[in-house]
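Chains, contacts and geometry: an overview
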Amino acid sequence: MEKIYLWNILKGMAVTFKHMFKKRPTINYPEQKRPFSQVFRGLHVLNRDAEGRENCTACGLCAVACPAEAITMEAAERLPGEEHLYREEKYAAKYEINMLRCIFCGLCEEACPKDAIYLSQTFAPANYGRKGFIYKKEDLLIPHPVKEPEAYQKALGEKAALKN
Ligand code: SF4
Ligand code: SF4
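Residues numbered from 1 in each chain as written. Chains lettered and ligands numbered in written order. Predicted model: local features only at pLDDT ≥ 70, side-chain atom pairs only at ≥ 80, totals over all residues. Heavy atoms only, no water.

Inspection of the secondary structure puts glutamate 74 in strand E2 (residues 71-77). For the pair glutamate 74 and glycine 129, spaced 55 residues apart in the sequence, the C-alpha separation amounts to 24 Å. Once residues within four sequence positions are removed from consideration, glutamate 74 is found in contact with Tyr91, Ala92, Ala93 and Lys94. (Helix = DSSP H or I, 4+ residues; strand = E, 2+ residues; numbered from the N terminus. Contact = heavy atoms within 4.5 Å.)

Given below as structure tokens:
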């Protein structure tokens, strides 16, 4: 029996048969998605207040706290008539994060005194070019809560909803 490998074939088939009735560990991604852990740190979001004004005051604390030096920004003064756009006198005219440098540690979120940045539960999609990983302010800013309430709620994600 050993010579014709019959025993080993039967043993192998028994293993296969056993696994046919087990719960599959794989899922049909991307149709099915696994829920992220509560502590998952993904793509950054620049926050607005309830009226849709940008929270960020371009203080630079997030950039100082960033161990990967991934954040760059330029500050600007709010002009009269722009009170509906920016919450405080200063705002970030330019804000960029280099996702190729970022290690998603979350220190920028912790350093921010204005609740202006948080790491969401989405990850940066793949890209062929380096430029595609430089996220500008327009890419990071959360949708307007009054003008686009559904998109705003979606962008908040579970993590931010738990925080509020
Ligand atoms: S998550 Fe960490 S590495 Fe990424 S931008 Fe924030 S502080 Fe820098
Ligand atoms: S995100 Fe927060 S810490 Fe960073 S510049 Fe804006 S207000 Fe300051």
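Read on for the rest.
Here we take up the pattern of salt bridges. Under the counting rule described, the total for this entry stands at seven salt bridges. The salt bridge involving arginine 53 is made with glutamate 51; its shortest N-O contact spans 3.8 Å. The network of salt bridges with common partners includes Asp49, Glu51 and Arg53. (Salt bridge = Lys/Arg side-chain N within 4 Å of Asp/Glu carboxyl O.)

So, on to the sheet that holds strand E3 (residues 90-98). Strand order in the open sheet made by the three strands is E2-E3-E5, with antiparallel pairing throughout. Pairing within the sheet leaves two strands with one partner each, and these edge strands are E2 and strand E5 (134-135). Taken together, the two bridges between E3 and E5 define a ladder with antiparallel strand orientation. Counted as the bridge partner of asparagine 98 is isoleucine 134 from E5. (Pairing = 2+ DSSP bridges.)

Before going further, it helps to examine the site of ligand 1. Around ligand 1 sit 13 residues in total, of which Cys66, Cys102, Cys105, Gly106 and Cys108 are the nearest. Of the residues assigned to the shell around ligand 1, the class counts are eleven nonpolar, two polar and no charged. (Near = heavy atom within 4 Å. Nonpolar A, V, L, I, M, F, W, Y, C, P; charged D, E, K, R; others polar.)

We now examine the packing of aromatic side chains. This structure, assessed with the given rule, holds four aromatic pairs. The interplanar angle of 80° and the centroid separation of 5.3 Å between the aromatic rings of phenylalanine 17 and phenylalanine 21 together place this pair among those described as edge-to-face. In this structure phenylalanine 21 comes out as exposed when scored by relative accessible area, which is 64%. Taken together, the ring pairs connect Phe36, Phe40 and Phe123 into an aromatic cluster. (Phe/Tyr/Trp six-rings, centres within 6.5 Å; stacked < 30°, edge-to-face > 60°. Buried < 20%, exposed > 50% of the residue type's maximum accessible area, 1.4 Å probe, protein only.)

To continue, consider the side chain of arginine 53. Among the secondary structure elements, arginine 53 is positioned in the loop between strand E1 (44-46) and helix H2 (61-65). Taking the relative accessible area as the measure of exposure, arginine 53 reaches 19% and is therefore buried. With near-sequence residues (within four places) excluded, arginine 53 lies in contact with Asn47, Arg48, Glu83, His84, Leu85, Tyr86 and Arg87.

Ranked by size, the top nonpolar core spans 23 residues in total, and within it Ile71, Tyr95, Ile97, Met99, Ile117 and Leu140 carry the most contacts. Of all the secondary-structure elements, those providing two or more residues to this core are E3 and strand E4 (117-119). Among the elements that line this core, the one with the most residues is E3, at three residues. Setting aside residues up to four positions removed in sequence, leucine 140 forms contacts with His44, Val45, Leu46, Tyr95, Ile97, Met99 and Tyr135. Grouped together as the second largest cluster of nonpolar side chains are five residues, Val45, Tyr118, Tyr152 and Leu156 included. (Core = buried A, V, L, I, M, F, W, Y, C linked by side-chain atoms within 4.5 Å.)

Turning our attention to the environment of serine 37. Looking at the element boundaries, serine 37 is found in the loop between helix H1 (6-20) and E1. Serine 37 gets classed as partly exposed once you look at its relative accessible area, which sits at 43%. In this structure, the C-alpha to C-alpha distance between serine 37 and tyrosine 95, residues 58 residues apart in sequence, is 28 Å. At 3.0 Å, the side chain of serine 37 forms a polar contact with the backbone nitrogen of valine 39. (Polar contact = N/O pair within 3.5 Å; in protein donor to acceptor, adjacent residues only side chain to side chain.)

None of this, on its own, says anything about what the molecule does.
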